[in-house]
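# Coordinate inspection notes
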Amino acid sequence: MVDVKSQYDRIKSEVDAGIQEVIETAFFVKGPKVTEFQKDLERFLGVKHVIPVGNGTDALQISLMSLGLKRGDEVITPTFTFIATAEVVALLGLTPVVVDVDPDTFCMSLESVEKAITPKTKAIVPVHLFGQNAEMEGILELAAKHHLYLVEDACQSINSEYTFSDGRVCMSGCMGNMGCTSFFPSKNLGCYGDGGAIFTNDDNLAAEARCIANHGMVVRYHHDKIGVNSRLDSIQAAVLCVKLKYLNDYTKRRQAAADFYNKAFANCSWIKTPVCGSKSTHVFHQYTICLDESVDRDLLSKKLDEKGIPSMVYYPIPLHLQKAYLDERYKRGDFPVSEKLSQTVLSLPMHTELDNEQLAYITDNVCHLIEECRK
Ligand SMILES: *Cc1c(COP(=O)(O)O)cnc(C)c1O
């Protein structure tokens, strides 16, 4: 699905030098490399504060902790997503309220959010799924109207841009009160281990998040609140300093691969190719197609695998049907779009190293094999 090794081969000398420098100086934790990366990313995104943390899940947890929410406060999040978003809500004793997604963009649907707001709602956590931004203009309006915090899960969408009706262009993760991203190796800006970051333009929330990520401590060994230990290490920061310089190029490569796929599948009536919303660019963390219900997805995936072509289902079970999250408030059938997507989506290989020969091999096989997989 990804090819991190070939990508490394093209930047090997720079990455190796950066890692070597960290080892020589022995600043493994909270060293100058982490500050350098933080500043580079602040400049790149045009955001006031980047707070590097241990991973994307921590970024979400620390962001929610920074808002000072109370037990039982409701947090709205989509049911069709990676588990981390709702997981941290539940872990903090907050109440996850799940909503359905838009059938075209796979991001939370504005109408479902509006319907889910109650007097207990305190925050909305949109997920910019697969690399395009949720309907942020409408979500921001709802948040303002109901005095809700907005924390963006931008773990899959770094470098995606959103254009507001007034022409203002914002980077993904920099529109709400806080934004979260992950530097997991397969993400669009991936390091060589775990890493993550919080983005915010709010000085108070930034101070709060920095304090919480560091054991609730501002002055050494004086603990003002209960915090956690979550930090990006210097070796990962060294890798990210190099890769950030190539992020625009990496994004273009993903978009070019998506273009190839779209053209190759244009005439296949069993495949719905990704739909880009009008206000957001798509950075294709995943290239995810929807198969016609007449196609046996498992069989297609198996036949592709036999040809050496990986494919994955992101995500096979929506949150409200996950064993750990079963809740009397929800039942099968409540979120029809998400439930249908979980039955019909299929993600194909997507990364920065796909060449036209590989893409042609994949698309030829998909178009050909899909005929044999009709139910
Ligand atoms: C990857 C991801 C996360 C979690 O990031 P980690 O760094 O793996 O903790 C959270 N939300 C979404 C949507 C993700 O894709």
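Residues numbered from 1 in each chain as written. Predicted model: local features only at pLDDT ≥ 70, side-chain atom pairs only at ≥ 80, totals over all residues. Heavy atoms only, no water.

### A few points about the domain arrangement of the protein chain
Per the domain assignment, the segments making up the protein chain are domain 1 (4–244) and domain 2 (247–372). Averaged C-alpha coordinates put domain 1 and domain 2 at centres separated by 24 Å. Each partner contributes residues to the interface: domain 1 has 47 residues there, and domain 2 has 39 residues. Between domain 1 and domain 2 lies a buried interface of about 3800 Å² when both sides are counted; carbon and sulfur atoms form 55% of it. Contact with domain 2 buries surface across domain 1, with Phe80, Phe130 and Asn188 losing the most and accounting together for 19% of the total. (Domains from an automatic or database assignment. Contact = heavy atoms within 4.5 Å. Buried area = accessible area lost by both parts, 1.4 Å probe.)

### Some thoughts on the packing of helix α10 (residues 297–306) against helix α12 (residues 356–371)
It is the contact of α10 with α12, at a shortest axis distance of 10 Å, that shows an interaxial angle of 135 degrees. By the angle between their directions, the pair α10 and α12 is classed as oblique. In this structure, the crossing between α10 and α12 has a hand that is right-handed. Contact residues: α10 offers Leu300, Lys303 and Leu304, while α12 offers Asn365, Val366, Leu369 and Ile370. (Axes fitted to C-alpha atoms, helices over the stretch in contact; angles between N-to-C directions. Helix = DSSP H or I, 4+ residues; strand = E, 2+ residues; numbered from the N terminus. Parallel < 35°, antiparallel > 145°, perpendicular 65-115°, else oblique. Left-handed = near helix turned anticlockwise from the far one by under 90°.)

### Let's talk about the site of the ligand
Taken together, Asn55, Gly56, Thr57, Phe82, Ala84, Val127, Asp153, Cys155, Gln156, Ser182 and Lys187 are the residues near the ligand. Taking Asn55, its side chain carries an N or O atom lying 3.4 Å from an oxygen atom of the ligand. Backbone polar atom of Gly56 to an oxygen atom of the ligand: 2.8 Å apart, as the coordinates give it. Its free accessible area being 380 Å², the ligand has 91% of it covered by the protein chains. A breakdown of the residues in the shell around the ligand according to their chemical character gives four nonpolar, five polar and two charged. (Near = heavy atom within 4 Å. Polar contact = N/O pair within 3.5 Å; in protein donor to acceptor, adjacent residues only side chain to side chain. Areas by Shrake-Rupley, 256 points an atom, 1.4 Å probe, with all protein chains shown as cover. Nonpolar A, V, L, I, M, F, W, Y, C, P; charged D, E, K, R; others polar.)

### Let's talk about the sheet that holds strand β11 (residues 287–291)
The three strands are arranged β10-β11-β12 in an open sheet whose pairing can be described as antiparallel. Looking along the sheet, the strands with just one partner apiece sit at the ends: β10 (271–272) and β12 (345–348). The sheet contact formed by β10 and β11 spans two bridges and is antiparallel. Counted as the bridge partner of Lys272 is Cys290 from β11. The strands touched by helix α9 (residues 247–265) are β10, β11 and β12; relative to β11, the strand with the most contacts, the crossing angle is about 20 degrees. (Pairing = 2+ DSSP bridges.)

### Focus: the side chain of Thr181
Here Thr181 is to be found in strand β8 (residues 178–182). There is a polar contact of 2.9 Å between the side chain of Thr181 and the backbone oxygen of Ala154. Leaving out residues up to four positions away in the same chain, Thr181 has contacts with Gly56, Ala59, Ala154, Cys155, Ile158, Gly196, Ala197 and Phe199.

### Describing α9
Taking 1.5 Å per residue as the helical rise, α9 with its 19 residues ought to reach 27 Å, and the 27 Å between its terminal C-alpha atoms agrees with that figure. The complete set of buried residues in α9 reads Leu247, Tyr250, Thr251, Arg254, Ala257, Ala258, Tyr261 and Phe265. Here the buried residues of α9 occupy an arc of 125 degrees about the axis, which is enough to place them on one side. Across α9 from its buried face, at more than 90 degrees, point the exposed residues Lys252 and Lys263. (Expected span 1.5 Å × (residues − 1). Buried < 20%, exposed > 50% of the residue type's maximum accessible area, 1.4 Å probe, protein only. Arc of directions from axis to C-beta.)

### Here's the deal with a nonpolar patch on the surface
Taken together, the side chains of Ile23, Phe28 and Val29 present a nonpolar region at the surface, about 250 Å² in accessible area. In this structure, Ile23 sits in helix α1 (residues 4–25). Its relative accessible area of 42% is what places Ile23 among the partly exposed residues. (Patch = residues over 30% accessible without salt bridge, like charges linked within 9 Å, V, L, I, M, F, W, Y side chains within 5 Å. Salt bridge = Lys/Arg side-chain N within 4 Å of Asp/Glu carboxyl O.)

### Focus: the pairing of strand β9 (residues 196–200)
On a regular strand, one side chain projects to one face of the sheet and the next to the other, so that they alternate. Of all the five residues making up β9, five are buried; the element is thus mostly covered by neighbouring parts of the structure. The side-chain alternation of β9 yields two buried faces, one formed by Gly196, Ile198 and Thr200 and the other by Ala197 and Phe199. Where β8 lies against β9, four bridges are found, and the strand directions are antiparallel. Directly across from Ser182, in β9, lies its bridge partner Gly196.

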